[in-house]
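Topology and contacts: notes
One letter stands for each residue in the lines below.
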Amino acid sequence: MKDAGYAVAVFAGDGTGPEVIREGLKVLAALGEGGPAPWRVTEYPGGGQYYLARGREWEPEAEAAARSADAIVVGAVGWPGATLPNGDLAGRALVLGLREGLDLFANVRPCKLYPGVTHRISGGFREVWEPKNVDLVIVRENTEDMYTPARGRLRRGGQTEVAIDTRVITRKGTERIVRFAFDLARARGRGAPADGVRRVTCVDKSNVLEGCRFFRETFDRIGAAEYPEIERDYAYVDAFTQWLVRNPEHYNVAVAPNMMGDIITDLAAVLQGGMGFASGANVGAEHAMFEPVHGSSPKHAGKDQVNPFATFLALEQMLRWLAARHDDRRLGHQADRLEAAVARTLASRSARTYDQGGSATTREAGDRVAEAIRQEAA
Ligand code: IPM
Ligand code: MN
């Protein structure tokens, strides 16, 4: 527990990032009213637009602040035309760079559907899935697989002939992500919505790929030896995409290698109402970074229309992680208050942005949640 408060380094980043972060900080300020808030927020510039203006993705002081902070929040990175000399996305330092540099090996993506949230499928806005059936967490390995720098091009006479990405699956990387997933299943108060069973599903392509075979073997060995009370469940990634949509209630915690995890988490976001509700925690042994995962959405930037709920849910993840790491009940209490305010606002259907078929602005959605926090305090 830190009496002086936890240092939170915030990078609003590109496009709609600053708009959703502005609302996130408004909501955090509402939580902190009526007492010294147990956090200190400092904002830093950085990202692709910053790179276009300054020729650097961020300043050395900002990077140092991220490294020394108790928690990091990133809005979004990426901007059309903002590319590093080697062709990489400018702004990657704030997301992929932090994942690598701070060894944030677990990407934790909750997928929970709140009452009052609609799904946009085939153009319409309908409540397709039952909120009681969608409450799972996907744990994605975040440092290896096809995301390692073991890649390159073979050029002949200045022309690319071959491009290669190498898929790296290590014992260390797999053991720690599998333990993380089982620990999460143990710590979560509830099992799968369908039957209450605490279950971890290993999502892979072990019927074809050697790395996936090793991933699954490791999952089995660690699960059997260290977590005998948690059910072990298996899905090939292709079949998983069908089952997840048909029977989301079967799932509690799912664990996957990096690239497959990237794909299935966006699919899962549809079940929770879309990317506007998808938050992610990038967690390591010593550091963590929290983000809404929708990206910078250049076409919506500056219009005050995107959905800020993913940012609120990312902040909830941050408060819970800080609470657990520092054994600090104050933060757990604030996370509960935030989630309750989010749930009440969504249920009231008073803060629906365009992606929900509504006309609320980003700012209005933030105001509604801040009001819900204050009402509960009153
Ligand atoms: C995500 C994103 C990132 C990824 C991009 C922005 C590099 O899609 O966090 O899921 O591929 O991991
Ligand atoms: Mn992704």
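Everything numeric here is computed off the predicted structure, so don't read it as measured data.

Further remarks concern the pairing of strand β3 (residues 71-76). On a regular strand, each side chain points to the face opposite its neighbour's, so the side chains alternate between the two faces of the sheet. Burial runs high along β3: six of the six residues are buried. Strand direction decides the pairing type here: β3 and strand β14 (residues 288-292), joined by two bridges, are parallel. Counterpart to Ile 72 in the pairing with β14 is Met 289.

Right, let's talk about the side chain of Thr 174 for a bit. Here Thr 174 is to be found in helix α5 (residues 171-187). Within the structure, the side chain of Thr 174 is placed 2.7 Å from the backbone oxygen of Thr 170, a separation counted as a polar contact. Those residues in contact with Thr 174 that sit more than four places away from it in its chain are Glu 144, Ile 169, Phe 215 and Thr 218.

What follows deals with the sheet that holds strand β1 (residues 6-13). In space, the 10 strands of this open sheet follow the order β2-β1-β3-β14-β13-β4-β7-β12-β10-β11, with mixed pairing throughout. The open sheet has two edge strands with one neighbour each: β2 (39-44) and β11 (231-236). Taking the axes of each pair of neighbouring strands and ignoring which way they run, one obtains an average angle of 20 degrees across the sheet. Note that strand β7 (residues 135-141) and strand β12 (residues 253-256) share four bridges and pair parallel. Residue pairing across strands places Arg 140 opposite Ala 256, the latter belonging to β12. Running over the sheet, α5 touches β4 (106-112), β7, β10 (199-204), β11, β12 and β13 (279-283) and is turned about 165 degrees from β7.

Within helix α3 (residues 60-68), the full set of buried residues consists of Ala 62, Ala 65 and Ala 66. Seen along its axis, α3 keeps its buried residues to an arc of 100 degrees; they face one direction. α3 presents Pro 60, Glu 61 and Ser 68 as exposed residues on the side facing more than 90 degrees away from its buried surface. In this structure, the buried side of α3 is in contact with β1, β2, β3 and α4 (92-101).

What follows is about the domain arrangement of the protein. Looking at the protein, the domain boundaries give domain 1 (1-110 + 275-378) and domain 2 (135-271). Residue-level contacts link 15 residues of domain 1 with 16 residues of domain 2. Buried surface at the junction of domain 1 and domain 2, summed over both partners, amounts to about 1400 Å²; 55% is from carbon and sulfur atoms. Here domain 1 and domain 2 share one salt bridge between them. Between Arg 176 and Asp 103 there is a salt bridge; the shortest N-O distance is 2.8 Å. Seen at the junction of domain 1 and domain 2, the total is eight residue pairs in polar contact (both at pLDDT 80 or more). Every element with two or more residues in the side of domain 1 that touches domain 2 is listed here: α4, β4 and β13. Looking at which element gives the most residues to the side of domain 1 that touches domain 2, the answer is β4, with five residues. Looking at the side of domain 1 that touches domain 2, its residues break down into nine nonpolar, two polar and four charged.

Criteria and thresholds
- In this convention, every chain numbers its residues from 1, walking through the sequence in written order.
- Chains carry letters and ligands carry numbers; both start at the beginning, A for chains and 1 for ligands, and go up in the order they are written.
- The predicted nature of this model means local features are confined to residues of pLDDT at least 70 and side-chain atom pairs, given and counted, to a pLDDT of 80 or more, with totals for whole chains, interfaces and linings taken over all residues.
- Think of the side-chain values as coming from all heavy atoms in the structure, minus any hydrogens and water.
- Think of it in three bands: residues with accessible area under 20% of the maximum for their type are buried, residues over 50% are exposed, and the middle band is partly exposed, with areas taken using a 1.4 Å probe on protein chains only.
- Numbering goes from the N terminus for both helices and strands, where a helix is a DSSP run of H or I of at least four residues and a strand is a run of E of at least two.
- Any two strands with at least two DSSP bridges between them are considered paired.
- We call two N or O atoms a polar contact when they sit within 3.5 Å, provided that within protein one can donate a hydrogen and the other can accept it, with sequence-adjacent residues counted only if both atoms are side-chain atoms.
- In this description, contact between two residues means that some pair of their heavy atoms is separated by no more than 4.5 Å.
- Every angle, taken between N-to-C directions, lies between 0 and 180 degrees, and every axis is a line fitted to C-alpha atoms, over only the stretch in contact when it is a helix.
- Taking the helix axis as origin, the arc is that swept by the directions to the C-beta atoms.
- Domain extents, as shown, originate in an automatic or database domain assignment.
- Buried area is understood as the total, over both parts, of accessible area removed when two parts are fitted together, assessed with a 1.4 Å probe.
- A pair is scored as a salt bridge if a Lys or Arg side-chain nitrogen falls within 4 Å of a carboxyl oxygen belonging to Asp or Glu.
- Residue type decides the class: Asp, Glu, Lys and Arg count as charged, Ala, Val, Leu, Ile, Met, Phe, Trp, Tyr, Cys and Pro as nonpolar, and the leftover types, Gly among them, as polar.

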